Amino acid sequence: MLNSFSNIILIMNRRDFLKIVSLFALSPKRVYAQKSKAREAIVIGAGIIGSSIAYELSKRGVKVTLIDKKAPGSACSGSSFSWINATYPKKPYSYNLFSQLGINAFHLLQKELSLNIKWNGSLEWSPKLEDQKKLIESVNELQSYPRYSPTSLIGHRKANKLEPHINFKSNENIVYSRADGAIDPKDAISKMIDAIKKNGGSVLYPCKFEKIVETNDSYSTVKTSMGILKSEKIIFCNGIDIDNSFNISFLKNPRPGVIIKTKPHKNLLNSVVYGPKVHAHQQSNGQLIIGEQITAPIKENSKDHLKRINTHFKNMVKGASDLRPSEVLIGWRPIPKDDLPIIGRFKNKSLYIAVMHSGISLAAIVGNLVSQEIVDEVDSLLLNDFRPSRFF
C-alpha cells in the first residue's frame, strides 16, 4: 500500500518531484537561519544514524551531547557492508522512495564533509535459473514504481566491461543499479563528530545508557554509566539495544553478519558486486570489504569465517589471491519486526527513536528530516509509514 506522501508523488510531474529533492540543495545559511525551538539534545548511540542526527542538530544551533556505550562507530555501523542503495528489496514504495532520497542527500553531504564515497553502482547476479527469474520479477516490480533508482538487466559481456575481474560466466540476467554507492562509515562518523565538536557539541564515551528516570513533554532524564543526564530532547539511535531501552518489542532477533576488511590491495573492484555466496566492494584506499549472504555461524571463530569467505571470493574474482585481512568483524544488525525503519517521537515530545536496518543508506536523509522534526516541531510526510506508534 502507498502512504499519503506516495499518493502525492503518483500525481506529481517531474518538475514538482525535483522541487522536493531540491530542498536538500538549499544553502546552509538559508535553511539554518531560522530560530531553533530546541535548545539542547542528547543522542544515544554514535553509529552513522546517531552521528548524522547529532551533526544536523548541531548545525541548527542545538547544544548536542552524543554518547556511546563503547566508542563512535564501534557497533553495527563499523562492521557493516556500507552499501548505499535504493534497490528492489526496499519496499513498499514509500520505503523505496525514502531510500532514493537518501542517495540524493548523501551526494550533498559528501560535498559538505568531503566524505569518502564511491558512486560506481552495483551488480547483482545468481548462477541459478530459478533465482534469475526472481531477480527479473523483482526488477520489473521496481520499474513499475512512479520513481525508481536507475536499474536495468545486462548480460555478462557488458558487466565484464564494468568489472573485468569478476567471473560472471555466461550470465545474461545481471542487475545493474547505476546510482548505488559505497561509503567508508568510520571516516564519515569521524568527520561528523569533528563537525559536532566544532559546532559546540560534545561526544561522551564510553557512556552507557542504563534507564529512563523521568520523562514528560518538556524534558527527559536518563541514567548513564557517567551519571544522570537531562535534556529537552533525547534521541535513541542505539540499534539492537532499543527494545531494552523502552521495554517494547520493536525488533526481530538480531542477526549477525560477518564482514572482512583486508589490507590495501591492488585494484580489483570498481563497483559493489553481489554474487554467489559473497558480496564485496573496494574502497579508494585499496581495502576490500567483503560480506556473505548467509547469517554468520556464530559458533565458528574468525579463522573459520575467513577460510569460508576466502574460498567464495576466489571463486567469484578471477585470479584473486588469498585475502590478507586487517579485521574479521561480526556485526549485530537491528531488524525491525516489519523490516521498515522506526523513526519518530515516543509517546511524548521529549523522547525520539531512530533505529533501522538500512542505516548506511538512510543516514543522510534521516539526519536531515529528524533534525527538522525536532528543531521545528513539525511532522514530515516522508516519515509517516515509519512511526514507532505502529508497535504500541
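Above this text sits the structure in question.
Rules and cut-offs
- Residues numbered from 1 in each chain as written.
- Predicted model: local features only at pLDDT ≥ 70, side-chain atom pairs only at ≥ 80, totals over all residues.
- Heavy atoms only, no water.
- Helix = DSSP H or I, 4+ residues; strand = E, 2+ residues; numbered from the N terminus.
- Buried < 20%, exposed > 50% of the residue type's maximum accessible area, 1.4 Å probe, protein only.
- Contact = heavy atoms within 4.5 Å.
- Pairing = 2+ DSSP bridges.
- Axes fitted to C-alpha atoms, helices over the stretch in contact; angles between N-to-C directions.
- Parallel < 35°, antiparallel > 145°, perpendicular 65-115°, else oblique.
- Left-handed = near helix turned anticlockwise from the far one by under 90°.
- Nonpolar A, V, L, I, M, F, W, Y, C, P; charged D, E, K, R; others polar.
- Core = buried A, V, L, I, M, F, W, Y, C linked by side-chain atoms within 4.5 Å.
- Expected span 1.5 Å × (residues − 1).
- Phe/Tyr/Trp six-rings, centres within 6.5 Å; stacked < 30°, edge-to-face > 60°.

**Things to note about the overall build of the chain**
Here is step 1 of the chain: In terms of regular secondary structure, the chain is built from 11 helices and 20 strands.
Here is step 2 of the chain: Taking all 392 residues of the chain together, 55% fall into the buried category.
Here is step 3 of the chain: Across the chain, every contact between residues at least 6 apart in sequence was considered, and the portion connecting residues at least 24 apart equals 69%.

**Quick notes on the sheet that holds strand β20 (residues 351-355)**
Here is step 1 of the chain: In space, the six strands of this open sheet follow the order β9-β2-β1-β13-β20-β19, with mixed pairing throughout. The sheet terminates laterally at β9 (202-204) and β19 (342-345), the two strands that pair on one side only. Shown here is a sheet whose adjacent strand axes are inclined to one another by a mean of 20°, direction ignored.
Here is step 2 of the chain: As defined by bridge partners, strand β2 (residues 63-67) adjoins β9 across three bridges and the pair is classed as parallel. Residue Thr65 lies in a different strand from β9, and its bridge partner there is Ser202.
Here is step 3 of the chain: Taken strand by strand, helix α4 (residues 48-59) contacts β1 (40-44), β2, β13 (234-236) and β20, and its axis lies near 165° from that of β2.

**Some thoughts on the packing of α4 against helix α5 (residues 93-113)**
Here is step 1 of the chain: Contact geometry for α4 and α5: axes closest at 14 Å, N-to-C directions at 65°. The orientation of α4 with respect to α5, classified from their angle, is roughly perpendicular. Crossing angle aside, the handedness with which α4 passes α5 is left-handed. Note on element contacts: α5 touches α4 through Phe106, Leu109, Glu112 and Leu113, opposite Ile48, Tyr55, Glu56 and Lys59.
Here is step 2 of the chain: Its residues assigned to classes, the contact of α4 with α5 shows five nonpolar, no polar and three charged.

**What about the nonpolar core?**
Note on soluble globular proteins: their nonpolar side chains tend to be buried together.
Here is step 1 of the chain: With 54 residues, the main nonpolar core has Ile48, Ile53, Leu57, Phe106 and Val366 as its most contacted residues.
Here is step 2 of the chain: At 10 residues, helix α11 (residues 359-376) tops the list of elements feeding residues into this core.
Here is step 3 of the chain: The residues contacting Phe106, other than those within four sequence positions of it, are Ile48, Ile84, Leu115, Ile117, Trp119, Ile183, Ile360, Ser361, Ala363 and Ala364.

**Considerations on the environment of Gly257**
Here is step 1 of the chain: One can find Gly257 in strand β14 (residues 255-262).
Here is step 2 of the chain: Separated by 76 residues in sequence, Gly257 and Arg333 have C-alpha atoms that sit 7.5 Å apart.

**Considering α5**
Here is step 1 of the chain: Taking 1.5 Å of rise per residue, the 21 residues of α5 would be expected to cover 30 Å, and the 30 Å separating its terminal C-alpha atoms lies within 8% of that figure.
Here is step 2 of the chain: When you tally the buried positions in α5, you get 16 out of 21 residues, the bulk of the element.
Here is step 3 of the chain: One or two positions beyond α5, positive phi appears at Ser114, with a value near 55°.

**Quick word on the packing of aromatic side chains**
Here is step 1 of the chain: A full pass over the atoms with the stated rule returns 12 aromatic pairs.
Here is step 2 of the chain: Considering the side-chain rings of Phe209 and Phe236, the 5.1 Å spacing of their centres and the 90° angle between planes classify their relative orientation as edge-to-face. Taken together, the residues span a long stretch of sequence, with Phe209 in strand β10 (residues 209-215) and Phe236 in strand β13 at a distance of 27 residues. Residues Phe209 and Phe236 agree in their burial class; the two are buried.
Here is step 3 of the chain: Both rings, one in Phe246 and one in Phe346, keep their centres 4.3 Å apart while their planes meet at 50°; by these two values the pair is tilted. Of this pair, Phe246 sits in helix α9 (residues 242-246) while Phe346 sits in the loop between β19 and β20, and the two are 100 residues apart along the sequence. Both residues of the pair, Phe246 and Phe346, count as buried.

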